[in-house]
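The chain contents come next:
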Amino acid sequence: MKLLVYGAGVCGTLFAARMYEAGHEVTLLARGARLAALRQNGVRLAQEDSPAVQRLPIPVVGTPADAYDLIAVFVRAHQVDPVLESLAEIRGDVLFLLNWAAGPEPLTAALGHERVLLGFPTNGGTMDGDVVRYRGSSALTRRVAMPIGEPDGRTTPRVARLVDTFRAAGINAAAETRMDAWLTTHAAFEVPLGQAAGAAGGPVALAADPAAVHAMLEQIRRNLATRGTPPVPRAFTALRSLPQGLLVTVLRRFLRSPTAVHSGLNDSSPAAAAELERLAAQLRARTETRS
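A few points on the structure.

**Overview of the pattern of salt bridges**
When the charged atoms of two side chains lie near each other, side chains of opposite charge can form a pair.
Next up, step 1: Overall, the coordinates contain 12 salt bridges when judged by the stated rule.
Next up, step 2: Among the salt bridges present, the one from Asp128 reaches Arg133, with a minimum N-O distance of 2.8 Å.
Next up, step 3: On the basis of relative accessible area, Asp128 is assigned to the partly exposed category, the value being 41%.
Next up, step 4: Judged by its relative accessible area of 14%, Arg133 falls in the buried class.
Next up, step 5: Across the salt bridge formed by Arg178 and Glu176, the nearest N and O atoms sit 3.3 Å from each other.
Next up, step 6: Within the structure, one salt-bridge network assembled from shared partners comprises Asp93, Glu150, Asp152, Arg154 and Arg158.

Here is the structure:
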């Protein structure tokens, strides 16, 4: 597969590395200081706090070429508009693997319905200079597959082919027929969680403040209630039905776990805050449209 990975943050870099190691023709697109670092040092990976750093010579570019079998987009929600413009004349299916709650219409309007696929990355980690420190596999992360699907929920051969290709590369992927609902449900959870962690100074600091975790949970419940449809995946229904005291205990334990610590919840950058603001605006717009 000739693959362009558009976005060289944590998730994009990890995805590019796994596909490169599986023998695919991978190019990684980056900008600014990240592009300069990749050109100088290559892709550098380490598991959590390990001193061992792996280097992969994945080709990097600052602009896309003319055609690919697949373009996998890993950018933040507020960075999507310029990506759409830059890919309008580039041939190839485009799989958006990112936080997104605006529905598929802005993406399909720009690129064409036949080119767009939706998904969400389930790998995670943090940036340590130019080294991506990824979280290790756990029982929790092994159960969570990377969902991908058509914007309209159809079951198609191209989704099946991609699922098989990603699994062969060691990426746990699964077809999802309700990707728009999946992404909206995730945003309803992610926005309060990310904003509360940012305000507290990180997930561990948030876990130390039960009142803040309780307030965060209340906002998550309000977000899920305003959606008007059952959460996708169904497991999120527990956030609306289980006792608050139990959920606060579970969430505090999660916030102290390596999964949370080695994740974007520890990202206090302006870009992370801007993405959460965009997602919150997208959720409000969807709610207003329904009402």
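**Side note on the sheet that holds strand 9 (residues 125-128)**
Next up, step 1: Taken together, the four strands give an open sheet; going across it, the order is 4-3-10-9, and neighbouring strands pair in mixed fashion. Only two strands of the sheet have a single partner each, and these edge strands are strand 4 (54-56) and strand 9. Each strand of the sheet is rotated relative to its neighbour by a mean of 30°, with strand direction disregarded.
Next up, step 2: By the bridge criterion, four bridges tie strand 9 to strand 10 (residues 131-134) in an arrangement that is antiparallel. Counted as the bridge partner of Gly125 is Tyr134 from strand 10.
Next up, step 3: Across the face of the sheet, helix 2 (residues 32-41) comes into contact with strand 3 (43-47), strand 4, strand 9 and strand 10 while running at roughly 90° to strand 3.

**Observations concerning the sheet that holds strand 6 (residues 67-73)**
Next up, step 1: A sheet is described by the order of its strands in space; here eight strands give the open sequence 5-2-1-6-7-8-11-12, paired in mixed fashion. The open sheet terminates on both sides in strands that have one partner only, identified here as strand 5 (60-61) and strand 12 (173-175).
Next up, step 2: Where strand 7 (residues 91-97) and strand 8 (residues 116-119) come together, four bridges link them in parallel fashion. If you follow Val94 over to strand 8, its bridge partner there is Val116.
Next up, step 3: Taken strand by strand, helix 1 (residues 10-21) contacts strand 1 (2-6), strand 2 (25-29), strand 6 and strand 11 (146-149), and its axis lies near 165° from that of strand 2.

**Comments concerning the pairing of strand 6**
Next up, step 1: Strand 6 sits mainly inside the fold: six of its seven residues count as buried.
Next up, step 2: Alignment of strand 1 against strand 6, held across four bridges, turns out to be parallel. Note on strand 6: the bridge partner recorded for Leu4 is Ile71.
Next up, step 3: As paired elements, strand 6 and strand 7 share five bridges and run parallel to each other.

**A look at the packing of helix 7 (residues 179-200) against helix 9 (residues 210-226)**
Next up, step 1: Following both chains from N to C, one finds helix 7 and helix 9 inclined at 160°, their axes separated by 9 Å at the closest point. Looking at the two axes, helix 7 sits roughly antiparallel to helix 9. For the pair helix 7 and helix 9, the crossing hand works out as right-handed. Between helix 7, through Thr185, Ala188, Phe189, Pro192, Leu193 and Ala196, and helix 9, the contact on the second element is made entirely by Met216, Gln219, Ile220, Asn223 and Leu224.

**Section: the environment of Gly32**
Next up, step 1: Considering the arrangement of structural elements, one finds Gly32 in helix 2.
Next up, step 2: The exposure class of Gly32 is exposed, given its relative accessible area of 54%.
Next up, step 3: Between the C-alpha atom of Gly32 and that of Gly62, which follows or precedes it by 30 residues, the distance is 8.4 Å.

Cut-offs and rules
Residues numbered from 1 in each chain as written. Predicted model: local features only at pLDDT ≥ 70, side-chain atom pairs only at ≥ 80, totals over all residues. Heavy atoms only, no water. Salt bridge = Lys/Arg side-chain N within 4 Å of Asp/Glu carboxyl O. Buried < 20%, exposed > 50% of the residue type's maximum accessible area, 1.4 Å probe, protein only. Pairing = 2+ DSSP bridges. Helix = DSSP H or I, 4+ residues; strand = E, 2+ residues; numbered from the N terminus. Axes fitted to C-alpha atoms, helices over the stretch in contact; angles between N-to-C directions. Contact = heavy atoms within 4.5 Å. Parallel < 35°, antiparallel > 145°, perpendicular 65-115°, else oblique. Left-handed = near helix turned anticlockwise from the far one by under 90°.

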